[in-house]
Amino acid sequence: MNVQKVPFRVPENACDCHMHVFGPMDRYSLAPMRAYTPPPATHKDYIALAEPLGLRRFVVVQPSAYGTDNRCLLDTLDACRNQARGIVVFDPSTIADHDIAAMHERGVCGVRVNLVSSSTALSSGVVASIRLLADRIAPFGWHLQFFVGLAQIAEMAPELPTISVPVVFDHMGNARAELGTDQPGFATLVDLVASGQCWVKVSGAYHISNDPQYTDTGPIARALIGANADRIVWGTDWPHIGKTARRLERNPGIVPYRKIDDAGLLSLLGDWTDSDDVRRKILVDNPRALYGF
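Overview of the nonpolar core
Counting 92 residues, the largest nonpolar core has Leu-144, Phe-169 and Leu-224 as the members making the most contacts within it. Counting residues per element, this core draws most heavily on helix α9 (residues 262-272), at six residues. Those residues in contact with Phe-169, other than ones at most four positions away along the chain, are Phe-146, Val-148, Ile-153, Met-156, Leu-189, Leu-192, Cys-198, Trp-199, Val-200 and Lys-201. Core analysis: the second largest hydrophobic core is formed by 12 residues, Cys-17, Ile-87, Val-168 and Trp-199 among them.

See below:
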């Protein structure tokens, strides 16, 4: 793959705002109870893919397979200090403020909350826990990143003004591309973006689409970008973990990575907007503002 495969000029310091790192496998232990076992996918593997595409910055997101053990992510940030930021996962009841401060110094700028893989309902207790988590990370200028569905976003919407940090939703809110822009909950997400109350990653197009070229993601992505281009970032979701069971198992089998054309994922931005200025916002300016590059 090379940058010539992308049908627009990729701006300098373009950022992939959603990727994962796994391994070396003998150095970092996977969570005993997890939904999948990943093959190795190191930051060196990623950079070899990303640099020819013109992607110079990236955001490492803690994957569920490592649970709350963020060592692999943190060591990646140390190795790529000038070009990487991190989104961690931790239990706020077992982490001290000085530990959060130490992560901040290494390039962490947010915490991921996964309510899809955990199948956790958005009860009043969960909302209260989210508020407490937000209050813990607010002094560091961090944000909360949510892996949730549209129904959960609609439930969260009234609570967002009470959350003390910026909120980011993964993968276009996990809308289903084949259902278009009229699907339940999507209008709420668009309104939240339009008002500036949240950010959205137009990432993981293959997550929300069954179309081999992901062309049916266009109406979803264009609606979000059109609502407020200042609240949109983009990502590959490399290395493209295959479909896994949501139940947790002890030492589940290896799940191979999906064969996804990352140049094709980046090229989708040429379909979603024809504006060089908007693409620069999504790839450079917005990541700089959100992640502190």
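Here the narrative resumes, following the displayed structure.
Some words on the pairing of strand β9 (residues 232-235)
Because side chains alternate across β9, one face comprises the buried residues Ile-232 and Trp-234, and the other comprises Val-233 and Gly-235, equally buried. In this structure, strand β8 (residues 199-203) lies alongside β9, joined through four bridges in parallel fashion. When the sheet's bridge partners are listed, Val-202 is paired in β9 with Trp-234.

Some points on the sheet that holds strand β1 (residues 14-19)
Taking strand neighbours across the sheet as the criterion, the eight strands line up as β1-β3-β4-β5-β6-β7-β8-β9 in an open arrangement whose pairing is parallel. Of all strands in the sheet, those bounded by a partner on one side alone are β1 and β9. Strand-to-strand twist in this sheet, taken as the mean axis angle between neighbours without regard to direction, amounts to 25°. Pairing between strand β6 (residues 143-147) and strand β7 (residues 167-169): three bridges, direction parallel. Across the sheet, the residue bridging to Gln-145 is Val-168, located in β7. Here helix α1 (residues 43-50) sits on the sheet and contacts β1 and β3 (55-61); the angle it forms with β3, its principal contact strand, is near 145°.

Let's talk about the packing of helix α6 (residues 186-194) against helix α8 (residues 218-227)
At a closest axis distance of 8 Å, the pairing of α6 and α8 adopts a crossing angle of 30°. Regarding the angle of α6 to α8, the classification is roughly parallel. On the side of α6, the interface is formed by Phe-186, Leu-189, Val-190, Val-193 and Ala-194, while α8 contributes Ile-220, Ala-223, Leu-224 and Ala-227. Each residue belonging to the contact of α6 with α8 can be placed in one class, and the counts come to nine nonpolar, no polar and no charged.

Cut-off values and rules
Residues numbered from 1 in each chain as written. Predicted model: local features only at pLDDT ≥ 70, side-chain atom pairs only at ≥ 80, totals over all residues. Heavy atoms only, no water. Core = buried A, V, L, I, M, F, W, Y, C linked by side-chain atoms within 4.5 Å. Buried < 20%, exposed > 50% of the residue type's maximum accessible area, 1.4 Å probe, protein only. Helix = DSSP H or I, 4+ residues; strand = E, 2+ residues; numbered from the N terminus. Contact = heavy atoms within 4.5 Å. Pairing = 2+ DSSP bridges. Axes fitted to C-alpha atoms, helices over the stretch in contact; angles between N-to-C directions. Parallel < 35°, antiparallel > 145°, perpendicular 65-115°, else oblique. Nonpolar A, V, L, I, M, F, W, Y, C, P; charged D, E, K, R; others polar.

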